[in-house]
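# Coordinates in review
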Amino acid sequence: MKTNHLFLAAMILAAGTALAQSPAVSQGIAAQDTTSQPQEPPAIKSFDTSAMDLTADPCTDFYQYACGNWRKNNPIPSDQVRWARSFSVLRERNRYLLWKDLDAAAKNPADALEKQYGDFYAACMDTATVEKLGFAPVKAIWAQIDGLTDASGLAALLAELSNEGTPDGFFRFGVEQDEKDSSQQIAQIGQGGISLPDRDYYIVDSKRFQTIRTEYVEHIKKMFVLAGDTPDEAAKEAAAAMEIETAMANAETSRTDLRNPEKRYHIYEVADFDKLAPLFDWNGYFKQVGIGHFDTLNVATPLYFSELNKLIASEPLSSWKSYLRWQSMHGLAQDLPQAFYDENFAFFGRTLAGQQEPEARWKQCTSMTDRALGEAVGQEWVKENFPPAAKSSMDQLVAELEKALGEDIGQLPWMSEETKKAAEQKLAMYRNKIGYPEHWRDYSSIKVSRNDLIGNVQHSATYERNYRFAKLGKPVDEKEWGMTPPTVNAYYNPSFNDINFPAGILQPPFFDPNIDPAVNFGGIGVVIGHEMTHGFDDEGSKYDGNGNLHEWQTADDRKAFTERTECVADEYSGFEAAPAKGDTPAQHLNGHLTLGENTADNGGLRIAFMALEDALKQKGQIVDEKIDGFTEAQRYFIGFAQVWCENSTDASARQSALTDPHSPGRWRVNGSVQNFDEFGIAFACKKGTPMYPVSSCRVW
Ligand SMILES: [Zn+2]
């Protein structure tokens, strides 16, 4: 599944098409946490006039108008780097409700399932045992690394580490659907092996990145000293690890290029792949990790592997050992004693992202258990928090949005009749998944112990890897989910051609059975429209209804399409993600990295509005009633904007501009409304104002 499985999605496939970035930026586990007792966060208002800044002019800066007071009154909590009215607050709430289940299961499990996730959670909370075990779990891994006598042994060592669930860097290897024949599941390999958020951090020659690189090396050094190195040894090891990571970063394909499916599709015979990087024993590796036989595989990033080969030839054995020692220690840093944890947080949380303090341990342990055993603990959560009525309302909304997108395609001014037919065919083949899986995954083979946090993490990693390996050559499971039920997010998967809405997002402020339709269409309606439009963005449009990379537009239509997406890319490249600060210049958005998401935002806003108009007409409610002093159309746009009210640290905004395919809230709102004339009409803006410009971009 290419959209969000952390394994391949994040590195090879450039983060895919989720609605929002998963909140992986919050770092760490506070080992000591006596102050914050879990408390139920309040439910969120779907439409909140007190969030608005009515002194602002909606035609000049709609984001300020809809969110100004909320942003002023809701500074970023000290344990976060980004705080959003909908996503963050709802995520906190869902996590609290999940914690209640975990806490109860840890204390008094009702059955084997509850015992497993209760123990997993309890082991994470047991900081006394974590302190007692100390650095011993990593020492054991280092003993394996020390046994390496020759670079020709790298493959066997990496296979051994992988089999044990130990982070090893180097590359990402797994099984995915064949991009050109989605019925086939094939082996796939791609770049991986750096620890900073993006290759730019290693490569870009600016003062800011030079400083970050210096601090990163200093951080690696401190970690090695904590592990027992002398300062001199630590400095040497840090320099070696940094040299290898920098070479890997130089060989990497950019995130923006990886969004192009053709640029990540290179089928190789195993023998030819072997020739690409002959110094690594690929056949031995594939055999030892137990994936089963295959003759061909997709090499997402061939250049990376030929460069890796050069690196194996040029780097001394001692440097590889330092690199692997660093990777294994770094990968487990959050599960180690307090001193390691603190140093890891100081760099990755505070320095890189501007986070002031770590999240409470119960929060981190809840998230960790959800990641490892989400379809076990999610079963209870769904029973308690997802009423059947919500599912049937969603079925109806999705049908209404599908109809609106069909009408939108029919009315497109730039597309030929022939291509319109093909687009409608693709739309008719969409599949919808709502709430939670029909069949839950079976985690019973994961060995979980109540006093072995790192062991549990490793067993879970191996299980996850083997779960993917087992797909090789098997039929595709169309019912599989890529997000756990309490997740506040949604996604489109181009190979499945399906849209997915976990139970976690199907509640206020996105979806509220007690509010007027305009607000629901502005909330969950736009989310549905956003995911549907992904099937037709610059990436998704290259796949047909069967989920195969296959051109269905005529050459002229593809040309017109690209002109239109380029208009959106140029527009968003002009938006600032972070203003100039001291001698650090302003950071602009990358219009091509965010193109798919921006296209989906623009399309979603348009088709949800069309669906709202249809729904109101059907009920005979064409008369515009005002509620709270706003017309239905105004409430639609305000409801939409209030999903995206957020504050973010400067460091986090800059990091996201390089790594997140989603634009920040301000531009998700202002960028979308200025491309949709209905907005200017709804707020009686003068043509030529910033939110109602004379010319704008439109794809769908
Ligand atoms: Zn999206």
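Residues numbered from 1 in each chain as written. Predicted model: local features only at pLDDT ≥ 70, side-chain atom pairs only at ≥ 80, totals over all residues. Heavy atoms only, no water.

## Notes on the overall build of the protein chain
- A tally of regular secondary structure across the protein chain gives 27 helices and 11 strands.
- C-alpha atoms of the protein chain, sized along the principal axes, occupy 80 × 60 × 55 Å.
- When the 700 residues of the protein chain are sorted by exposure, 61% land in the buried category.
- For the protein chain, the proportion of contacts with a sequence separation of at least 24, taken over those separated by at least 6, is 77%.
- For the protein chain, the computed accessible surface area is about 26,400 Å², with 52% contributed by carbon and sulfur atoms. (Helix = DSSP H or I, 4+ residues; strand = E, 2+ residues; numbered from the N terminus. Buried < 20%, exposed > 50% of the residue type's maximum accessible area, 1.4 Å probe, protein only. Contact = heavy atoms within 4.5 Å. Areas by Shrake-Rupley, 256 points an atom, 1.4 Å probe, with all protein chains shown as cover.)

## Regarding the side chain of Glu 480
- You can see Glu 480 is positioned in the loop between α20 (453-469) and β7 (491-493).
- A distance of 2.7 Å separates the side chain of Glu 480 from the side chain of Tyr 467, its partner in a polar contact. (Polar contact = N/O pair within 3.5 Å; in protein donor to acceptor, adjacent residues only side chain to side chain.)

## Focus on the packing of aromatic side chains
- With the rule as written, the count across this model stands at 62 aromatic pairs.
- When the ring of Phe 609 is compared with that of Tyr 636, the centres are 5.3 Å apart and the planes differ by 65°; the resulting orientation is edge-to-face. Residue Phe 609 is located in helix α23 (residues 595-618), and its partner Tyr 636 is located in helix α24 (residues 632-642); the two are separated by 27 residues in the primary sequence.
- With a relative accessible area of 6%, Phe 609 lands in the buried category.
- A relative accessible area of 0% places Tyr 636 in the buried class.
- The residue whose ring lies beneath Arg 441 is Tyr 467, and the NZ or CZ to ring-centre distance is 3.6 Å.
- Its guanidinium or amino end placed over the ring of Phe 47, Arg 635 lies 4.0 Å from that ring's centre, counting from NZ or CZ. (Phe/Tyr/Trp six-rings, centres within 6.5 Å; stacked < 30°, edge-to-face > 60°. Lys NZ or Arg CZ within 6 Å of the ring centre and 35° of its normal.)

## Focus on the confidence of the model for the protein chain
- Overall, the predicted model of the protein chain reaches an average pLDDT of 93, with 95% of residues at or above 70.
- Overall, residues 1-16 carries pLDDT values under 50, and its contacts beyond four positions in sequence, including any with other chains, amount to 69 contacts.
- pLDDT under 50 marks residues 23-35. Its contacts with residues more than four places away, or in other chains, come to 40 contacts. (pLDDT = per-residue confidence, 0-100.)

## With respect to the nonpolar core
- Phe 62, Phe 501, Phe 510, Ile 524, Tyr 636 and Phe 637 are the most contacted members of the largest nonpolar core, which has 126 residues in total.
- In this view, Phe 510 contacts Ser 86, Phe 87, Leu 90, Val 488, Ile 505, Asn 520, Gly 523, Ile 524, Val 527 and Val 643; residues no more than four positions away in its chain are not counted.
- By size, the runner-up hydrophobic cluster in this structure holds 70 residues, among which are Tyr 202, Ile 212, Tyr 216 and Ala 238. (Core = buried A, V, L, I, M, F, W, Y, C linked by side-chain atoms within 4.5 Å.)

## Quick look at the pairing of strand β3 (residues 181-191)
- Summarising burial for β3: eight of the 11 residues are buried, a large majority.
- In terms of strand pairing, strand β2 (residues 171-178) meets β3 through eight bridges, oriented antiparallel. Within β3, the position partnered with Gly 174 by the bridge is Gln 188.
- In sequence, β2 turns back onto β3 through a hairpin of two residues.
- Relative to strand β5 (residues 296-299), β3 runs parallel, the two sharing three bridges. The partner of Ile 189 across the bridge, within β5, is Val 299. (Pairing = 2+ DSSP bridges.)

## Brief notes about the state of the cysteines
- Here the structure, examined in full by the defined rule, presents four disulfides.
- At a sulfur-sulfur separation of 2.1 Å, the disulfide partner of Cys 59 is Cys 685. In this structure the cystine formed by Cys 59 and Cys 685 twists about its S-S bond by roughly -85°; its chirality is therefore left-handed. Of this pair, Cys 59 sits in the loop between α1 (6-9) and α2 (62-73) while Cys 685 sits in the segment after α27 (677-682), and the two are 626 residues apart along the sequence.
- Owing to a relative accessible area of 7%, Cys 59 belongs among the buried residues under this scheme.
- Disulfide pairing places Cys 124 opposite Cys 365 at an S-S distance of 2.1 Å. (Disulfide = S-S within 2.5 Å.)

## Description of the environment of Ile 212
- Locating Ile 212 in the fold gives a position in helix α9 (residues 207-226).
- Its relative accessible area of 8% is what places Ile 212 among the buried residues.
- As for Ile 212 and Phe 347, which are separated by 135 residues in sequence, their C-alpha atoms are 9.4 Å apart.
- If sequence neighbours within four positions are ignored, Ile 212 has contacts with Tyr 201, Phe 347 and Leu 352.

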